[in-house]
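Observations on the three-dimensional arrangement
Listed below, chain by chain, are the residues.
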Number of protein chains: 2
Amino acid sequence: MAGVSPGTVSRALADSPLISAKTRERIQAIAREHDFRPNAVARNLRTQRTGAIGVVIPLGHETGQHISDPFFMTMLGLLADSLTERGYDLLLSRIIPSDPQWLSRMASSGRVDGLIIIGQSDQAATLDAVAARYRPLVVWGGHVEGQVHCSVGSDNRLGGEIATAHLIARGARRIAFFGDPRAREIAQRLEGCRAAMAAAGLSHALQLFPTHLVADTSHADIVRFLGEQGKDGIDGIVAASDVIASSALRAMVSLSLHAPDDIRVIGYDDLPIARQTLPRLSTIRQELTAGADALVDLLFRRIGGEDCASFVMPPKLIVRHST
Amino acid sequence: MAGVSPGTVSRALADSPLISAKTRERIQAIAREHDFRPNAVARNLRTQRTGAIGVVIPLGHETGQHISDPFFMTMLGLLADSLTERGYDLLLSRIIPSDPQWLSRMASSGRVDGLIIIGQSDQAATLDAVAARYRPLVVWGGHVEGQVHCSVGSDNRLGGEIATAHLIARGARRIAFFGDPRAREIAQRLEGCRAAMAAAGLSHALQLFPTHLVADTSHADIVRFLGEQGKDGIDGIVAASDVIASSALRAMVSLSLHAPDDIRVIGYDDLPIARQTLPRLSTIRQELTAGADALVDLLFRRIGGEDCASFVMPPKLIVRHST
DNA sequence: TTGAAAGCGATACCAC
DNA sequence: GTGGTATCGCTTTCAA
């Protein structure tokens with residue numbers, strides 16, 4: 001085309017040092033003129049790197065969930081900022097892991113240089129299996145003893161315990177836990193909740209209501225549950241997330257139940273929405289900004305070959321007006 | 001490996017109909033055992049399709065902006081839902097178009113099957129140039145006569161006019177427009193604002209304050225501007241977005257200015273945050289859900305070879321308590 | 001400093 | 001039905 005070999009063109013366009021300045025100039029000029037641009041896919045195939053990080057949201061226990069869920073969006077935004085800052089793109093997938101191969105398919109597809117999984121869902125075993133062979137993998141979620149995959153998240157058990165103890169301290173006795181314990185983080189929060197109830201001698205008074213995470217479908221269920229229970233059935237709700245808590249608060253309004261007088265409600269996450277409910281939501285704060293930074297940081301350390309442990313952050317009680 | 005040719009393996013794993021059931025079974029079994037997974041990048045290279053759509057946020061006029069901006073995140077979530085529903089992944093890039101090649105590089109990199117651009121920024125000319133040659137491209141933003149690229153967005157000029165007319169109807173006379181007109185949508189909103197002022201014989205009383213879109217850096221500027229103006233300088237603010245409006249409301253609080261009594265404030269977008277300001281924000285609603293669906297729909301029609309026009313949605317005045 | 005040629009890992013066409 | 005083989009578009013040794 002320009003009278004040189006493809007190899008030379010490649011070098012010229014890559015600003016390789018082992019090429020004369022004038023041939024480089026000439027080739028770049030011609031490339032610009034015919035606006036030629038190297039095909040990234042071919043380059044990826046050859047170099048075995050892509051400059052993209054896969055962000056995946058596994059929905060093992062929850063098929064209806066949308067990416068536009070406030071928690072995911074918050075996390076996603078933070079990850080996007082952090083990754084694009086480092087010059088990486090994000091490949092976003094929502095996956096319903098019907099097929100147990102879902103993760104290793106992503107991992108060895110060659111489309112990404114690393115993987116960030118948001119939430120373990122009910123796939124902790126799969127994550128462990130893949131993590132054993134695929135290094136550049138980090139997970140937002142709960143940590144347990146002996147876990148193979150590297151995770152970042154708050155101490156969910158402690159968070160659940162603090163939340164419940166707070167409700168008890170405020171006078172609640174008949175408490176319901178709203179959340180689906182098939183997800184590891186939720187299971188840990190429930191565990192903490194149980195511990196706090198036991199410590200107060202209230203083990204018998206805990207009800208588990210396995211709300212779906214999906215706001216739309218769960219809301220009707222919540223209304224029904226609260227309708228049946230009334231304020232005589234329960235006087236406290238430990239919600240596994242702010243989204244669930246805010247749904248519960250709205251349900252209470254529609255049933256003329258008042259928070260905190262009739263039922264005290266506490267959430268988890270401290271998303272922006274927690275400040276916008278009526279009454280404003282007491283909750284357990286997770287530092288998502290720090291969490292996202294840690295995820296990205298650990299991921300790149302692992303890409304670099306380093307081996308690094310999970311990162312567990314302390315949860316923090318935020319008292320507002322719903323308790 | 002299994003005693004057959006690579007071609008046969010490929011067919012077996014792709015469930016091709018021209019292969020015997022038993023060889024298929026046998027090969028798939030072997031593949032599963034050694035957990036072999038085809039390399040997607042190589043496949044992409046050969047088939048020239050990737051199953052991914054690029055979503056890019058050009059920041060031509062605004063380098064500090066983050067993806068976690070509420071408008072982007074809302075739009076991104078809606079697009080992600082819609083695209084993943086159709087089995088496509090999202091490749092998310094934040095691009096600062098210092099290099100005029102930024103778009104065509106993305107387009108012809110072969111990494112994506114189509115491109116959705118969020119906001120024209122100041123790159124409308126580039127978009128037109130690329131759209132002339134690259135079909136699968138749709139843009140969120142403003143539409144102008146003779147525009148080459150296919151866009152989806154609200155009628156920004158009309159929206160700006162409605163917003164301003166509303167302020168005037170509420171008694172505002174000395175109005176400031178907050179927004180950077182280098183972005184096409186903003187320029188159109190400003191144009192509408194000017195028209196409404198002219199219609200009321202108030203052309204002389206319009207001030208333009210070219211706020212940055214970035215919340216952090218602009219806030220201080222807004223405080224300074226409002227401090228200088230005071231309530232005698234202006235009695236109405238037409239903000240180019242809800243984010244800017246909410247920043248203005250907070251600035252007013254810190255200056256002991258009251259909305260709507262001292263200064264009436266109206267936003268644009270009707271994001272969730274508009275309902276959470278104090279006082280709650282009057283604004284011009286854009287139907288983002290419909291917009292995202294339209295973007296995706298038009299994109300796939302264009303990928304299918306169809307030619308389709310821009311889509312302009314009617315803006316709608318939402319009156320709350322800030323005006 | 002440049003050219004030739006060997007892959008990267010699949011798919012698809014063409015014979016058999 | 002299945003096996004060979006060219007090809008997708010680039011990068012990168014190895015020689016010259």
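Throughout what follows, the structure given in this document is the object of discussion. Keep in mind the model is a prediction, meaning the values are calculated, not measured.

Considering the layout of surface pockets
- By volume, the second largest pocket is sized at about 1,500 Å³.
- Every residue lining the second largest pocket is counted, 42 residues in all, and those nearest its centre are R37(A), P38(A), N39(A), R43(A) and R105(B).
- Listed by contribution, the elements that provide at least two residues to the lining of the second largest pocket are helix 1 (6–13), helix 2 (21–33) and helix 3 (40–47) of chain A together with strand 2 (89–95) and helix 5 (102–107) of chain B.
- The residue makeup of the lining of the second largest pocket, split by class, is 19 nonpolar, 14 polar and nine charged.

Things to note about the relation of the copies chain B and chain A
- Once chain B is rotated about the relating axis by 180 degrees and shifted along it by 0.0 Å, it coincides with chain A to within an RMSD of 0.1 Å. Such a combination of turn and shift is consistent with a two-fold rotation axis. In terms of C-alpha distance to the rotation axis, chain B has L91(B) as its closest residue, with the C-alpha 2.2 Å off the axis.
- Of the interface residues in chain B, 100% have counterparts in chain A that sit at the interface too, so the contact is made through matching surfaces.

Some remarks on the protein's contact with DNA strand D
- Looking at DNA strand D, there are 23 residues lining it, with S10(A), N39(A), R46(A), T8(B) and T23(B) nearest.
- Here, DNA strand D places atoms within 4 Å of the protein, and 67% of those atoms are sugar or phosphate.
- In this structure, N39(A) approaches DNA strand D through a main-chain N or O atom, which is 2.7 Å from a phosphate oxygen.
- Residue R11(B) places a side-chain N or O atom 3.0 Å away from a base nitrogen belonging to DNA strand D.
- Only helix 1 and helix 3 of chain A together with helix 1 (6–13) and helix 3 (40–47) of chain B provide two or more residues apiece to the surface near DNA strand D.

Overview of the sheet that holds strand 4 (residues 137–140) of chain B
- Judged by pairing direction, the sheet is mixed, and its 12 strands sit side by side in the order 11(A)-5(A)-4(A)-3(A)-1(A)-2(A)-2(B)-1(B)-3(B)-4(B)-5(B)-11(B) without closing on themselves. Taken across any chain shown, the strands that pair with only one partner, and hence form the sheet edges, are strand 11 (311–313) of chain A together with strand 11 (311–313) of chain B. Strand-to-strand twist of the sheet, defined as the mean angle between neighbouring strand axes without regard to direction, takes the value 20 degrees.
- Pairing of strand 4 of chain B with strand 5 (residues 150–154) of chain B involves three bridges; the strand directions are parallel. Directly across from W140(B), in strand 5 of chain B, lies its bridge partner V152(B).

Looking at the pattern of salt bridges
- Summed over all chains, the structure comprises 36 salt bridges over all chains.
- Two residues, R157(A) and E161(A), come together in a salt bridge whose shortest N-O distance is 3.0 Å. On the criterion of helical spacing, the pair formed by R157(A) and E161(A) is a turn pair, its members being four residues apart in helix 7 (residues 156–169).
- Between R37(B) and D35(B) there is a salt bridge, and its shortest N-O distance comes to 3.6 Å.
- You can call R37(B) buried: its relative accessible area is 12%.
- According to the relative accessible area criterion, D35(B) is partly exposed, its value standing at 34%.
- One salt-bridge network, held together by shared partners, links R86(A), D297(A), R301(A) and E306(A).

Notes on helix 4 (residues 70–85) of chain B
All names here are of chain B.
- Taking 1.5 Å of rise per residue, 16 residues should cover 22 Å, and helix 4 covers 23 Å from first to last C-alpha, within 8% of that figure.
- Burial of helix 4 is extensive: 13 of the 16 residues sit out of reach of the surface.
- Residue D69 occupies the N-cap position of helix 4, its side-chain oxygen lying 2.9 Å from the main-chain nitrogen of F71.
- Phi turns positive, to about 80 degrees, at G87, one or two residues after helix 4.

Brief notes about the packing of aromatic side chains
- What the rule picks out here adds up to 12 aromatic pairs over all chains.
- Relative to F300(B), the ring of Y88(B) lies with its centre 4.8 Å away and its plane at 65 degrees, an arrangement referred to as edge-to-face. On the criterion of sequence distance, the pair formed by Y88(B) in the loop between helix 4 and strand 2 and F300(B) in helix 11 (residues 288–303) is long-range, its members being 212 residues apart. An identical accessibility class is assigned to Y88(B) and F300(B); each is buried.
- What links up through ring pairs into an aromatic cluster is the set F71(A), F72(A) and W140(A).
- Across the ring face of Y268(A), the terminal group of R189(A) is positioned such that the distance to the ring centre comes to 3.8 Å.

With respect to the nonpolar core
- Core analysis: the largest hydrophobic core is formed by 70 residues, its most contacted members being I116(A) and I116(B).
- Aside from chain neighbours lying at most four places away, what touches I116(A) is I53(A), G54(A), V55(A), V56(A), L79(A), L83(A), V138(A), L295(A), V296(A) and L299(A).

So, the packing of helix 4 (residues 70–85) of chain A against helix 4 of chain B
- Running from amino to carboxyl end, helix 4 of chain A crosses helix 4 of chain B at an angle of 115 degrees, the nearest separation of the two axes being 10 Å. One element, helix 4 of chain A, and the other, helix 4 of chain B, form an angle in the roughly perpendicular class. Crossing of helix 4 of chain A over helix 4 of chain B shows right-handed handedness. Between helix 4 of chain A, through M73(A), L76(A) and G77(A), and helix 4 of chain B, the contact on the second element is made entirely by M73(B), L76(B) and G77(B).
- Here the contact of helix 4 of chain A with helix 4 of chain B is composed, by residue class, of four nonpolar, two polar and no charged.

Section: the protein's contact with DNA strand C
- With respect to spatial proximity, 24 residues lie near DNA strand C, and among them T8(A), S10(B), P38(B), N39(B) and R46(B) are the closest.
- Restricting attention to atoms of DNA strand C within 4 Å of the protein, one finds that 66% of them are sugar or phosphate atoms.
- Separating a phosphate oxygen of DNA strand C from a backbone N or O atom of S20(A) is a distance of 3.1 Å.
- In this structure, S10(B) approaches DNA strand C through a side-chain N or O atom, which is 2.3 Å from a phosphate oxygen.
- If you list the elements that add at least two residues to the surface near DNA strand C, you get helix 1 and helix 3 of chain A together with helix 1 and helix 3 of chain B.

Quick notes on the rules
- Residues numbered from 1 in each chain as written.
- Chains lettered and ligands numbered in written order.
- Predicted model: local features only at pLDDT ≥ 70, side-chain atom pairs only at ≥ 80, totals over all residues.
- Heavy atoms only, no water.
- 1 Å grid on protein atoms, 1.4 Å probe; cavity = no way out; pocket = protein on both sides within 12 Å on 5 of 7 lines; lining within 4 Å.
- Points joined across faces, edges and corners; volume = space filled by probe spheres on them.
- Helix = DSSP H or I, 4+ residues; strand = E, 2+ residues; numbered from the N terminus.
- Nonpolar A, V, L, I, M, F, W, Y, C, P; charged D, E, K, R; others polar.
- Least-squares fit on C-alpha atoms with pLDDT ≥ 70 in both.
- Contact = heavy atoms within 4.5 Å.
- Near = heavy atom within 4 Å.
- Polar contact = N/O pair within 3.5 Å; in protein donor to acceptor, adjacent residues only side chain to side chain.
- Pairing = 2+ DSSP bridges.
- Axes fitted to C-alpha atoms, helices over the stretch in contact; angles between N-to-C directions.
- Salt bridge = Lys/Arg side-chain N within 4 Å of Asp/Glu carboxyl O.
- Buried < 20%, exposed > 50% of the residue type's maximum accessible area, 1.4 Å probe, protein only.
- Expected span 1.5 Å × (residues − 1).
- Phe/Tyr/Trp six-rings, centres within 6.5 Å; stacked < 30°, edge-to-face > 60°.
- Lys NZ or Arg CZ within 6 Å of the ring centre and 35° of its normal.
- Core = buried A, V, L, I, M, F, W, Y, C linked by side-chain atoms within 4.5 Å.
- Parallel < 35°, antiparallel > 145°, perpendicular 65-115°, else oblique.
- Left-handed = near helix turned anticlockwise from the far one by under 90°.

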